[in-house]
Amino acid sequence: MKKIFSLVALCLCLAGQAAAEKIQVSTTDPGSGTPEHLYSMKNGNYMYANGTTAPTYNPANYGQFAFYASGTANAYYIYSYTAEKWLTYTQASSYSNKISFVTLTDTKPTTAYFKFNNYSDDLYEISPYTSSGTNTSTGIRESIQILLTAQRRSACGSKAARKI
């Protein structure tokens, strides 16, 4: 009986860890405490985003970001925990490639959230919504990887940094 219970407990722990392999939203307001789930972002050229979203190869400069529910499926507000600012953009009817598209603000934006398309494992495409609320091919879409950097306890109680 002990062997069966141990096997069931092990399976539950593994299932709990497998279920946590997707982006998890934070619910703690940044002004009230530390977000529950912090991530770093890396593009296909292995450059990480620092706290202000500028590219960096230096691990000491990797930014930590939290994602908050927007009310739209697979779309999130992004908070830079490192810079203590929200990521935002000026909504328009269409977009083109440009520098400084994403800006930082002290207050949570009301409409500037980002669509996350999960292609495989830890590969996500993040893109903005237009002023009409659509998320079509914008010309500025960037595929990046989202990596979990926060320490947290798994379903079995062990502490581990997890990559998603």
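These numbers were taken from a predicted model, which means no experiment stands behind them. (Residues numbered from 1 in each chain as written. Predicted model: local features only at pLDDT ≥ 70, side-chain atom pairs only at ≥ 80, totals over all residues. Heavy atoms only, no water.)

## Some thoughts on the packing of aromatic side chains
- On inspection of all chains with the given rule, the structure shows 12 aromatic pairs.
- Their ring planes at 65° and their centres at 5.0 Å tell us that tyrosine 89 and phenylalanine 114 sit as a pair that is edge-to-face. Of the two residues, tyrosine 89 is situated in the loop between β6 (85–88) and β7 (103–105) and phenylalanine 114 in strand β8 (residues 114–120); the sequence distance between them amounts to 25 residues. Exposure class is identical for tyrosine 89 and phenylalanine 114. Each is buried.
- Each member of the aromatic cluster is reached from another via a ring pair, and the members are Tyr39, Phe67, Tyr76, Phe116 and Tyr124. (Phe/Tyr/Trp six-rings, centres within 6.5 Å; stacked < 30°, edge-to-face > 60°. Helix = DSSP H or I, 4+ residues; strand = E, 2+ residues; numbered from the N terminus. Buried < 20%, exposed > 50% of the residue type's maximum accessible area, 1.4 Å probe, protein only.)

## A closer look at the side chain of lysine 115
- Relative to the assigned elements, lysine 115 resides in strand β8.
- Within the buried core, lysine 115 has no salt-bridge partner, and the shortest N-O distance to an opposite charge, that of glutamate 125, equals 9.2 Å.
- A distance of 3.4 Å separates a polar side-chain atom of lysine 115 from the backbone oxygen of alanine 73. (Lys, Arg positive; Asp, Glu negative; His and termini not counted. Salt bridge = Lys/Arg side-chain N within 4 Å of Asp/Glu carboxyl O. Polar contact = N/O pair within 3.5 Å; in protein donor to acceptor, adjacent residues only side chain to side chain.)

## A word on the nonpolar core
- Membership of the largest hydrophobic core comes to 26 residues, with the highest contact counts inside it found for Ile23, Phe67, Ile78, Tyr89, Phe114 and Phe116.
- Of all the secondary structure elements, the ones that give two or more residues to this core are β1 (39–43), β4 (65–69), β5 (75–80), β6, β8 and β9 (123–128).
- With 5 residues, β5 is the largest single contributor of residues to this core. (Core = buried A, V, L, I, M, F, W, Y, C linked by side-chain atoms within 4.5 Å.)

## Considerations on the environment of asparagine 45
- Tracing the backbone through its elements, the reader meets asparagine 45 in the loop between β1 and β2 (48–49).
- Put simply, asparagine 45 and tyrosine 57 are 12 residues apart on the chain and 9.9 Å apart in space, counted from C-alpha to C-alpha.

## What about the side chain of serine 70?
- Residue position: serine 70 is located in the loop between β4 and β5.
- Looking at serine 70, its side chain comes within polar contact range of the main-chain nitrogen of threonine 72, at 3.1 Å.
- A distance of 2.8 Å separates the side chain of serine 70 from the backbone oxygen of alanine 75, its partner in a polar contact.
- Apart from the residues lying within four places of it in its own chain, the contact partners of serine 70 are Ala75, Tyr76, Tyr77 and Tyr113. (Contact = heavy atoms within 4.5 Å.)

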